[in-house]
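# Observations on chain architecture
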Amino acid sequence: MASRFPVSKALKYLLVVGGALVMLFPFAWAVITSITPGGSVLAGPPDFTPEGANLGAYGKLLEVTPFWRILLNSVWIGAASTILQLVTSAMAAYAFARLPFPGRGALFAVYLATLMVPLQVLIVPLFIEMRTFNLIDTYFAVLAPTIASAFGVFLLRQAIAQVPKEFDEAAVLDGAGHFRIFALIVVPLIRPALATFAIFGFMASWNSYLWPLVIIKSPEFMTLPLGLAELHGRFTTEWNVVMAGSVVSVVPILILYLFAQKHVIASVAQSGLK
Amino acid sequence: MTLTATPPRTRAAHALRPPRRRLRYAGTVAVFLLPSLIPLVLFTLVPMAGSLWVSLHEWNLIEPMRWVGLDNYGEVLADPKTRAAFLHTLYFIAGYLPLVYAGGLGLAMLLNRAMGGRNLFRAIYFLPVITSWVVVALMWKWLLNPASGIVNWALGLLGVEGPGWWTDPTWAMPSIILASAWKDLGFVMIILLAGLQAIPNEYHEAARVDGASAWQRFRRITLPLLSPSTFFVVVISLINGFQVFDQVHVMTGGGPGGATEVVVEQVYRLTFQYGRAGAASALSWLLFAVVLLVTLIQVRVQRRWVNYGY
């Protein structure tokens, strides 16, 4: 067996570590650039210990953009979107997994079909809808398309289907109704799937670009991707400011991911995506 | 992806319930379902219908719509730009998909075995996945800067003169492909890791006892048993590949000289630059039709190569 030889084991490590460096390098380089004064980094050997490193670019970031406002917008829109999706998807998933009703299979197929519709097909009519209701340039307009998630219903239904029915039946004997079964038995048991979906939901909102680009006009409603893209447009030569913004935007989602990481693989493995 | 079959209908079961309880049961179902159904109808199904309607009109988003029937479809189909946009999109997919699958598979196999720091490495490889496309596109635009980028500096050390990357029509698409594969590698890795972990160890053990080489075991056991995960990755990547936009919009905006003008970039331009909402809708339905067709073909062909039973 080849892999018992230390040579091939070393080779494996070399590959994994080398790959990890390639993954990390752009991030490290972004951090270094963000603290390099002067901004436009010229060709030449990369300077990993830039002279006069300082946090000036971060200060400038606060100066030239309503940065805290933009960050706060992203945080609260992301949180609201994630919570709404978790609640609506978990409830629908429970209905599809545990509450038989006529037309259930057909309705589920409709949910799945919407997964295949590209956002771009919906952009113009969504825009018109928002304009009709006078919602352009509002928080609600950014949130609206993320309230329900067919992907979430699909993922969570698979998880609920794996909760043994005996648990519910025991609860029914104790006089519990569907709401109590859902809240006290099913939700705690599908926590890994909920954590995974929370990450994917938050990620989608945090990183969403096209829809906010279309619907948001005023700087005070901007989210991070919009702010960064705009920053890039205005400060193409001052890469340290652009990179400072990029660095700040990665940190919150990284923290969230590290909290939920251990659930992700387990949940992908049991969600039926084998 | 495995779609669990819907359980048999139990209409008879609740038809037997007394009317009041049936009413209450219907109420319960509604309470669970409506919070997702109402937004889904309002913000997905209604816009879908609306988009079909818009595609039959000439409309600049401001003045009243003018009915033109199927003219938009005819125009979009005849427009050489449409052909070019689809070709650019296919070019993207042809480069991106093999790269991201091969890379993701290699990583998943390396990180599936017990090794020190495995979780740390998984997190590192997943980092680009959680990073916004705008950030990733900016980083890569800058790493691949022809004059001051570090990639060309490193190539210079090797005595190679680096290309103009995103400023050069020949290299613009490869630049976008490179950045995209780098970003999505971790996602493919996670899906394939989950797939690898579902393969019982005994298969490999038995093959080893029978004297199968590492390559034979990979070819005859790992790959076939991984086919459901592969199928999922390919379906999702193709759907996403056809809709590639964010990275293009930020890195090149469709340029230079239209070399990276993909379908969605074209939809965006038609709508918001040229005020041709009808033509844009027609083009996006054309895209939807292609994605649906490709997905259906995949679902049909999968029976030949996807192996669900262990």
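Everything numeric here is computed off the predicted structure, so don't read it as measured data.

### Things to note about the UniProt feature "transmembrane region" (unreviewed entry) in chain B
Residue and element names in this part refer to chain B. The UniProt record marks residues 25-46, 90-111, 123-143, 176-200, 221-242 and 277-297 with the feature "transmembrane region" (unreviewed entry), using the residue numbering of this structure. Helix and strand shares over residues 90-111 are 100% and 0% respectively, and the end C-alpha atoms of the span are 31 Å apart. Structurally, residues 123-143 is divided into 90% helix and 0% strand, and its ends, taken at the C-alpha atoms, are 22 Å apart.

### Details of the interface of chain B and chain A
Between chain B and chain A, the contact holds 93 residues from the first and 96 residues from the second. Interface area for chain B against chain A, summed over the two sides, is near 8,900 Å², with a carbon-plus-sulfur share of 77%. It is B:Phe32, B:Phe43 and B:Trp142 that lose the most area in chain B upon contact with chain A, and together they represent 10% of the buried surface on that side. There are zero salt bridges connecting chain B and chain A. Here chain B is connected to chain A by 10 residue pairs in polar contact (both at pLDDT 80 or more). Top contributing element to the side of chain B that touches chain A by residue count: helix α2 (residues 19-55) of chain B, with 21 residues. Of the residues in the side of chain B that touches chain A, the class split is 63 nonpolar, 24 polar and six charged.

### Remarks on the packing of aromatic side chains
Aromatic ring pairs are defined here through the distance separating the ring centres and the angle between the ring planes. Overall, the coordinates contain 29 aromatic pairs over all chains when judged by the stated rule. Relative to A:Trp68, the ring of A:Phe67 lies with its centre 6.1 Å away and its plane at 75°, an arrangement referred to as edge-to-face. In this structure an aromatic cluster arises from ring pairing among A:Tyr94, A:Phe179, A:Phe182 and B:Phe32. One residue, A:Arg157, lies across the ring of A:Phe108, its end atom 4.2 Å from the ring centre. Cation over ring: B:Lys141 sits above B:Trp166, and NZ or CZ is 4.7 Å from the ring centre.

### Describing the confidence of the model for chain B
All names here are of chain B. Summing up the model confidence of chain B, the mean pLDDT is 87 and the portion of residues at 70 or higher is 93%. When the elements of chain B are averaged for pLDDT, helix α1 (residues 11-15) gives the smallest value, 50, and helix α3 (residues 71-78) the largest, 95. A low-confidence stretch, residues 1-6 (pLDDT under 50), is modelled with 18 contacts involving residues beyond four sequence positions or located in other chains. The ipTM value of the predicted complex is 0.84, and its pTM value is 0.83.

### Points about the packing of helix α3 (residues 67-98) of chain A against helix α4 (residues 104-114) of chain A
Residue and element names in this part refer to chain A. Two numbers describe how α3 lies on α4: the axes approach to 10 Å, and their chain directions differ by 140°. Looking at the two axes, α3 sits oblique to α4. The hand of the α3/α4 crossing is left-handed. Taking contact as the criterion, the partners of Ala 92, Ala 95, Phe 96, Ala 97 and Arg 98 in α3 are, on α4, Arg 104, Leu 107, Phe 108 and Tyr 111.

### Focus: α4(A)
Every buried residue belonging to α4(A) is among A:Arg104, A:Leu107, A:Phe108, A:Tyr111, A:Leu112 and A:Thr114, and all of these are buried. For α4(A), the buried positions fall inside an angular range of 160° around the axis, keeping them on one side. For α4(A), the secondary structure elements touched by its buried residues are α3 and α7 (150-161) of chain A together with α2 of chain B.

The rules we used
Chains are numbered independently. Their residues run from 1 in the order of the written sequence. Written order decides the labels, with chains lettered from A and ligands numbered from 1. Totals for whole chains, interfaces and linings use every residue, but because this is a predicted model, local features are given only for residues with pLDDT of at least 70 and side-chain atom pairs only at 80 or more, for both listing and counting. For side-chain calculations, the full set of non-hydrogen atoms in the structure is used, while hydrogens and water are omitted. UniProt positions are given in the numbering used here, feature names are shortened, and annotations may be inferred rather than shown by experiment. In DSSP terms, a helix is any run of H or I states spanning at least four residues, a strand is any run of E spanning at least two, and both are numbered starting from the N terminus. Contacts between residues were defined by any pair of non-hydrogen atoms, one from each residue, lying within 4.5 Å. Once two parts are brought into contact, the accessible area they lose, counted with a 1.4 Å probe and summed over both, makes up the buried area. A carboxyl oxygen of Asp or Glu within 4 Å of a side-chain nitrogen of Lys or Arg is what we treat as a salt bridge. Polar contacts, as counted here, are pairs of nitrogen or oxygen atoms within 3.5 Å of one another; within protein the pair requires one atom able to donate a hydrogen and one able to accept it, and residues that are adjacent in sequence qualify only if both atoms are side-chain atoms. By the convention adopted, Pro, Cys, Tyr, Trp, Phe, Met, Ile, Leu, Val and Ala count as nonpolar, Lys, Arg, Asp and Glu as charged, and the other residues, Gly among them, as polar. In this scheme Phe, Tyr and Trp rings, the latter by its six-membered ring, pair at centre separations within 6.5 Å, and the angle between planes marks the pair as stacked below 30 degrees, edge-to-face above 60, and tilted otherwise. A ring is scored as having a charge over it whenever the NZ atom of a lysine or the CZ atom of an arginine sits within 6 Å of its centre and within 35 degrees of its normal. Known as pLDDT, the predictor's per-residue confidence is scaled from 0 to 100. For every element, the axis is a line fit to its C-alpha atoms; helices are fit only across the contacting stretch, and the angle between N-to-C directions ranges from 0 to 180 degrees. Here the angle decides the label: under 35 degrees means roughly parallel, over 145 means roughly antiparallel, 65 to 115 means roughly perpendicular, and every other value means oblique. What makes a crossing left-handed is the near helix being turned counterclockwise from the far one by less than a right angle; a clockwise turn instead makes it right-handed. Buried means the residue's accessible area, taken with a 1.4 Å probe over protein chains only, is under 20% of the maximum for its type, while exposed means over 50%, and partly exposed covers the values in between. Taking the helix axis as origin, the arc is that swept by the directions to the C-beta atoms.

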